[in-house]
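Here's the letter readout for the chains.
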Amino acid sequence: MAKHATPLLDQLESGPWPSFVSDMKQQAEVRAKNAENIEFQIPQDVVEDLLGILELSFADGTTHWKHGGIVGVFGYGGGVIGRYCDQPDNFPGVAHFHTMRVAQPGAKFYKTDYLRQLCDLWDFRGSGITNMHGSTGDIILLGTTTPQLEEIFYELTHNMNQDLGGSGSNLRTPADCIGMARCEYACYDTNALCYHLTQEYQDELHRPAFPYKFKFKFDGCPNGCVASIARADMSFIGTWKDNIKIDQEAVQAYIGGEFAPNANDHNGRDWGPFDIQKEVIDLCPTDCMWMEGNQLKIEDKECTRCMHCINVMPRALKIGDDRGLSILVGAKAPILDGAQMGSLLVPFVKAEDPYDEIKEVIEAIWDWWMEEGKNRERLGELMKRQGFQKLLKVTGIEPTAHHVQEPRTNPYIFWNEDEVEGGWDRDIDEYRKHHQR
Amino acid sequence: MEYEEAKTAIVETLTKKSKSKSKFYFNDLAKIMGMKPRLAKKIVNQLVQDGVLEYWSSGSTSMYGLPGVGKQAAAEHED
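Computed from a predicted structure; not experimentally measured. (Residues numbered from 1 in each chain as written. Chains lettered and ligands numbered in written order. Predicted model: local features only at pLDDT ≥ 70, side-chain atom pairs only at ≥ 80, totals over all residues. Heavy atoms only, no water.)

Engineer: Hey, could you run me through helix H2 (residues 20-33) of chain A in this one?
Structural biologist: Structural remark: α-helix, 3.6 residues per turn; residues separated by three or four positions point the same way. All names here are of chain A. With 14 residues, H2 extends 20 Å from end C-alpha to end C-alpha; this agrees with the ideal 20 Å at 1.5 Å per step. Every buried residue belonging to H2 is among Val21, Met24, Gln27, Ala28 and Arg31, and all of these are buried. Each buried residue of H2 lies within a common arc of 125° when the element is viewed along its axis, so the set occupies one face. Every exposed residue of H2 that faces more than 90 degrees away from the buried side is listed here: Asp23, Gln26 and Lys33. Check the buried side of H2 and you find it contacts helix H1 (7-12), helix H3 (46-60), helix H4 (112-125) and strand S5 (129-132). Sitting at the head of H2, serine 19 places a side-chain oxygen 3.0 Å from the backbone nitrogen of valine 21. After H2 finishes, the residue asparagine 34 shows a positive phi value of roughly 45°. (Helix = DSSP H or I, 4+ residues; strand = E, 2+ residues; numbered from the N terminus. Expected span 1.5 Å × (residues − 1). Buried < 20%, exposed > 50% of the residue type's maximum accessible area, 1.4 Å probe, protein only. Arc of directions from axis to C-beta. Contact = heavy atoms within 4.5 Å. Polar contact = N/O pair within 3.5 Å; in protein donor to acceptor, adjacent residues only side chain to side chain.)

Following this line, the structure appears as structure tokens:
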């Protein structure tokens, strides 16, 4: 018998998809039975009370969680998010229900024994409920009490070689795609760069001094599996400078039906035989492909790296060999409004250890944003407020045609004195010779 | 500004304002010290380490305050 009746939550289970309500009920039962004889360090009925307070929120149409707090582990200003409920008498199990963000391993590679260790720790000192993974990318451990925080932190850092992630006005846990570890499209080693910058910027990750959150995300190619272009203040997207490599024989094999398009992703659907004109050439956003006899041609300088042709015919078309990444800045994805995509700042840079050129850009941006950013202002908002031109100035990047989003939207060109021959000074006597007062 | 001088300035200012405000943004602290953010951060880190200041976080935004000041500590049974 459940501790709280939950008719509204029960209704959520009736849909066709797996339900988090069912998962929570299952976890509540596991804790109640405690077949493994765990010495629970937080209330055994925490999950029952969580279901109860969620039911109450649905009934009341309002949240019963209070926002934020002073919880944390010593010396860290992030990684723990204080959550307290405003109905502690009715739901004592969730009076404290803090979230811990744990930095996910690069590209989320796990070993099963690590996952077991993590779950054992969380069953023992937390609610046992996890979110694998949060939209931040982190491992999210949901629900523990204040006295458990240091204990969990000790265990994570000393016995599991693990660290807390970012929250608050910090650099957030950097997130990367699977990259070269398993993907042939990766134009740079996302895992290496993500790890390098995570280590390099430990202070920014754990000790908040930014105006607001700041996110790095790393996509190995323009397919953008971590969607960095839409949600990271700085996104690092793999690209190449030379030509797409074409294997004409393989192109013919696709046309002849020998190779299935899209790596056989559409297997089982009856979409008829592969039609290269309809499915590849006509869909090229810049119209830069055509057939000449049985040869596929690409005008590479027109290519915008949309990846469509490569995705459809991966055995025939491959990314170029002169590889690196583009840096885009200013994306954000707030829930309510103000979502913004990233703007291209660095068209191409090689991604090679020790990544000095990349770090120079990062630090120039931080210096500017920390000084000029208003409280709770994201980089993308500062860019809008002070202008892209200012961003180019603080990063010392020369404007190029790549920076033009669309031509002729602004009739004004602003010049600085050093850009104008002779500067602003004029010889007043010379001037008066030609202009009366 | 040296550490001790910064500590006095921050504690004095935050105490003076404590009746109306208990949490402060990092920029407020940098302004009190009259320092660039990067340099100010070093001192603020040390002040937290020494227990003069404590972090407060909403989850999305972080702020700083004097320990025990404000409603939060009492309301959350942590004082």
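Engineer: Got a minute to help me understand the domain arrangement of chain A in this structure?
Structural biologist: How big an interface is tends to be expressed through the accessible area that disappears when the partners come together. Residue and element names in this part refer to chain A. In terms of domains, chain A is made up of domain 1 (7-159), domain 2 (175-240 + 325-419) and domain 3 (245-318). For domain 1 versus domain 2, the distance between C-alpha centres works out to 33 Å. Counting from both sides, the interface comprises 10 residues of domain 1 and, opposite them, 12 residues of domain 2. When domain 1 packs against domain 2, close to 790 Å² is buried across both sides, 52% of that on carbon and sulfur atoms. When the buried surface of domain 1 facing domain 2 is broken down by residue, Tyr76, Ala107 and Phe109 rank first, second and third, together holding 47% of it. Tallied by class, the residues present in the side of domain 1 that touches domain 2 amount to 3 nonpolar, 7 polar and no charged. (Domains from an automatic or database assignment. Buried area = accessible area lost by both parts, 1.4 Å probe. Nonpolar A, V, L, I, M, F, W, Y, C, P; charged D, E, K, R; others polar.)

Engineer: When you look at a negative patch on the surface in this model, what are you seeing that I'm missing?
Structural biologist: Residues and elements named next belong to chain A. On the surface, Glu352, Asp353, Asp356, Glu357 and Glu360 cluster together to form a negatively charged patch. Relative to the helices and strands, glutamate 352 resides in the loop between strand S15 (343-349) and helix H12 (356-372). On the accessibility criterion, glutamate 352 (51% relative accessible area) is exposed. (Patch = residues over 30% accessible without salt bridge, like charges linked within 9 Å, V, L, I, M, F, W, Y side chains within 5 Å. Areas by Shrake-Rupley, 256 points an atom, 1.4 Å probe, with all protein chains shown as cover. Salt bridge = Lys/Arg side-chain N within 4 Å of Asp/Glu carboxyl O. Lys, Arg positive; Asp, Glu negative; His and termini not counted. Charge placed at Lys NZ, Arg CZ, Asp CG, Glu CD.)

Engineer: How should I be thinking about the pattern of salt bridges in this particular structure?
Structural biologist: For side chains of opposite charge, pairing can occur when their charged atoms come near one another. Residue and element names in this part refer to chain A. The final tally for this structure, using the stated rule, is 22 salt bridges over all chains. A salt bridge links lysine 318 to glutamate 184, with the nearest nitrogen and oxygen atoms 3.7 Å apart. Taken together, the residues lysine 318 in strand S13 (residues 317-318) and glutamate 184 in the loop between strand S7 (175-176) and helix H6 (190-200) connect sequence positions 134 residues apart. The class for lysine 318 is partly exposed, based on a relative accessible area of 38%. With relative accessibility at 51%, the residue glutamate 184 sits in the exposed group.

Engineer: Sorry, what's going on with the environment of glycine 51 of chain B here?
Structural biologist: Residue position: glycine 51 of chain B is located in the loop between helix H3 (37-49) and strand S1 (54-57). When the C-alpha atoms of glycine 51 of chain B and leucine 66 of chain B are compared, they prove to be 8.6 Å apart, with 15 residues separating the residues in sequence.

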